[in-house]
Amino acid sequence: MKRIIFLLIGIFIVATACQDDFVETDDNLKSAKFGKTQTFQIKGWAEVIPDWDSGMFTCTPEEYEIAFCTRGWVTGHENILGTVVQEESTYEKVSCDVTMTPDGPVAHNVVSADVLRTNGNRTYVICHMYINVATGDIWGHNELVGGTGRFEGITGSTQILQASMVPETGGISWIEEGEITLVLK
């Protein structure tokens, strides 16, 4: 009787091992496509420098007469990602909507950025920045939505903290903290 049980267990193990259509989980499919991922805490600083020759982008509704520069350059540095090459890193306004609040009009700016790092790799960022035009308060977040080279497949977000206007350029600088996920190759 023991021999029959061991024989059946052996047949079961061999049959299972020879089976080639295993069910893969979503994690296995993702890692097969992109490789392993690892999440990191990120900190740094950033600044946008307007290109005043590019024209102005009028926020909606237009009757508030609030406008911001259409495009410009990005500079900064974050741990993990590295230093930004300002001359090759640009942003462009996607949209701007104004909402009236008890504290004054708040402009929600959506900006797309193509950021080159000194290591030769790029990150693509969508910035959601809120500016209270009456008080000067600035807050928001950045979404990392892709990249090239070492940053291909990057995802994550950072919070815009301690943001302020830069009088010399008319730009905005801030400290950022958040979390990114890199695809390990």
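Data block above holds the structure.
Worth saying up front: this structure is predicted, and the values here are computed from it rather than measured. (Residues numbered from 1 in each chain as written. Predicted model: local features only at pLDDT ≥ 70, side-chain atom pairs only at ≥ 80, totals over all residues. Heavy atoms only, no water.)

Okay, the side chain of N109 next. If you trace the backbone, N109 turns up in strand β7 (residues 104-116). A polar atom in the side chain of N109 sits 2.9 Å from the side chain of K93. (Helix = DSSP H or I, 4+ residues; strand = E, 2+ residues; numbered from the N terminus. Polar contact = N/O pair within 3.5 Å; in protein donor to acceptor, adjacent residues only side chain to side chain.)

Moving on to empty space enclosed by the protein. In this approach, a probe sized like a water molecule rolls over the atoms, and the result shows the empty space that is left. Taken as a whole, this structure holds 1 cavity of 30 Å³ or more when the rule is applied. There is about 220 Å³ of room inside the largest cavity. Residue lining of the largest cavity: 22 residues in total, with V74, V115, V125, N142 and W174 positioned closest to the centre. Those elements giving two or more residues to the lining of the largest cavity turn out to be β1 (37-50), β4 (71-78), β7, β8 (122-132), β9 (138-147) and β11 (171-183). At 4 residues, β7 tops the list of elements feeding residues into the lining of the largest cavity. For the lining of the largest cavity, the per-class residue count stands at 15 nonpolar, 4 polar and 3 charged. (1 Å grid on protein atoms, 1.4 Å probe; cavity = no way out; pocket = protein on both sides within 12 Å on 5 of 7 lines; lining within 4 Å. Points joined across faces, edges and corners; volume = space filled by probe spheres on them. Nonpolar A, V, L, I, M, F, W, Y, C, P; charged D, E, K, R; others polar.)

This part covers the pairing of strand β10 (residues 155-166). Pairing of β9 with β10 involves 5 bridges; the strand directions are antiparallel. By the bridge assignment, N142 is partnered in β10 with T158. One ladder, built from 10 bridges, connects β10 with β11; its direction is antiparallel. Paired with L161 across the bridge in β11 is I175. Following β10, the chain reverses through 4 residues before pairing antiparallel with β11; G170 in that reversal takes a positive phi of roughly 80 degrees. (Pairing = 2+ DSSP bridges.)

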